[in-house]
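Given next are the chains, with one letter for each unit.
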Amino acid sequence: MIFTETELAGAFIIDVDRMSDERGFFARSWCEDEFAAHGILTPPVQANLSSNPRRGTLRGMHYQLEPYGETKLVRCTRGAIYDVIVDLREESSTYGQWLGVELTADSFRMLYVPARFAHGFLTLQDNTDVCYQVSAKYAPGYERGLRWNDPAIAIEWPAVPTLISDKDRKHPDFQLLVSH
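Residues numbered from 1 in each chain as written. Predicted model: local features only at pLDDT ≥ 70, side-chain atom pairs only at ≥ 80, totals over all residues. Heavy atoms only, no water.

Draft legend 1. Quick peek at unusual backbone geometry. In this chain, glycine 60 is followed by methionine 61 through a cis amide linkage whose omega measures 5°. In this fold, methionine 61 is placed in strand E6 (residues 57–64). The residue after glutamate 66, namely proline 67, is reached through a cis peptide bond having omega 10°. Locating proline 67 in the fold gives a position in the loop between E6 and strand E7 (72–78). Unlike most non-glycine residues, phenylalanine 108 shows phi in positive territory, near 60°. Mapped onto the secondary structure, phenylalanine 108 falls in the loop between strand E9 (98–104) and strand E10 (110–113). The phi dihedral of alanine 154 falls on the positive side, at around 60°, and the residue is not glycine. You can call alanine 154 partly exposed: its relative accessible area is 41%. (Helix = DSSP H or I, 4+ residues; strand = E, 2+ residues; numbered from the N terminus. Buried < 20%, exposed > 50% of the residue type's maximum accessible area, 1.4 Å probe, protein only.)

Draft legend 2. Region of the structure containing the sheet that holds E10. Spatial ordering of the open sheet is given by E1-E2-E10-E7-E12-E5, a layout of 6 strands whose pairing is antiparallel. The open sheet has two edge strands, strand E1 (2–5) and strand E5 (46–52), and neither has a second partner. Ignoring strand direction, the axes of neighbouring strands in this sheet form an average angle of 25°. When E7 meets strand E12 (residues 128–134), the two strands line up antiparallel, connected through 6 bridges. The residue bridging lysine 72 from the neighbouring strand is valine 134, located in E12. (Pairing = 2+ DSSP bridges. Axes fitted to C-alpha atoms, helices over the stretch in contact; angles between N-to-C directions.)

Draft legend 3. Geometry of the environment of valine 86. Inspection of the secondary structure puts valine 86 in strand E8 (residues 80–87). Between the C-alpha atom of valine 86 and that of valine 113, which follows or precedes it by 27 residues, the distance is 9.3 Å. In this structure valine 86 touches Met61, Gly96, Gln97, Trp98, Arg116, Phe117, Ala118, Leu146, Ile153 and Ile155, once residues within four positions along its chain are discounted. (Contact = heavy atoms within 4.5 Å.)

Draft legend 4. Quick look at the state of the cysteines. Overall, the coordinates contain 0 disulfides when judged by the stated rule. The cysteine cysteine 31 is free of any disulfide, with cysteine 131 supplying the nearest cysteine sulfur at 18 Å. Note on cysteine 31: relative accessible area 18%, which makes it buried. Distance from the sulfur of cysteine 131, which forms no disulfide, to the nearest cysteine sulfur (cysteine 76) is 10 Å. (Disulfide = S-S within 2.5 Å.)

Draft legend 5. Main features of the side chain of threonine 94. Within the secondary structure layout, threonine 94 lies in the loop between E8 and E9. Overall, the relative accessible area of 9% leaves threonine 94 in the buried class. What threonine 94 contacts, discounting residues up to four positions off in sequence, is Glu7, Leu8, Ala9, Asp87 and Arg89.

Draft legend 6. Examining the nonpolar core more closely. Counting 18 residues, the largest nonpolar core has Met61, Val86, Leu88, Ala118, Leu146, Ile155 and Trp157 as the members making the most contacts within it. Among the elements of the structure, E6, E8 and strand E11 (117–123) are those that each provide at least two residues to this core. (Core = buried A, V, L, I, M, F, W, Y, C linked by side-chain atoms within 4.5 Å.)

Draft legend 7. Layout of the environment of threonine 128. As for its position among the elements, threonine 128 is in strand E12. Remark: the alpha-carbon pair of threonine 128 and arginine 55, spanning 73 residues in sequence, is separated by 7.7 Å. Contact partners of threonine 128, with chain neighbours within four places excluded, come to Ser50, Ser51, Asn52, Cys76, Arg78, Gly79, Ala80, Ile81 and Thr123.

Draft legend 8. Representation of the packing of aromatic side chains within the structure. Evaluation of the coordinates by the stated rule reveals 7 aromatic pairs. Ring plane angle 80° and centroid distance 5.1 Å describe the contact between phenylalanine 3 and phenylalanine 35, whose orientation is recorded as edge-to-face. Pair noted here: phenylalanine 3 is in strand E1 and phenylalanine 35 is in helix H1 (residues 32–36), with a separation of 32 residues, a long-range link. For phenylalanine 35, a relative accessible area of 0% corresponds to the buried category. In textbook terms, an aromatic cluster arises when at least three aromatic residues are bridged by ring pairs, as seen for Phe3, Phe12, Trp30 and Phe35. Above the ring of phenylalanine 25, the side-chain terminus of arginine 18 is found at 4.4 Å from the ring centroid. (Phe/Tyr/Trp six-rings, centres within 6.5 Å; stacked < 30°, edge-to-face > 60°. Lys NZ or Arg CZ within 6 Å of the ring centre and 35° of its normal.)

In structure tokens:
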């Protein structure tokens, strides 16, 4: 695997290292030793799937509070998404900053999301599926969200979402988070 650290410390774009022949290719998408070599010591305990029939579907911006903070390894398995993360670590030099990465089924590219980051995505094609491995089990009482279009963060989405759940529409602004 090829790990590229992003401008948000601890977050990585991961490309598979393909071994190709006439049959196609083979590549690893998870290796405990390779992840550990990059300081990633939280193995997945759960895998989640998201199926999205419509282009323009927005899911996010989600996170879980400690002690159930989740790291995520996100890959688009069909279609394409614009995947976004926001650093919510108050002690971080990139606190409140965001990063967006296009993930497509054809690229096999993945995004590693550290704990204490908000995460969400916008589907860029109809019939888009996303698979993500997480390091903590879902804990409903610790689930939180951040408003997808909060002007304090100013995420530059590639398109205006056309489908958002009521729950995701009602997430608070970043400034409300900071005041707690």
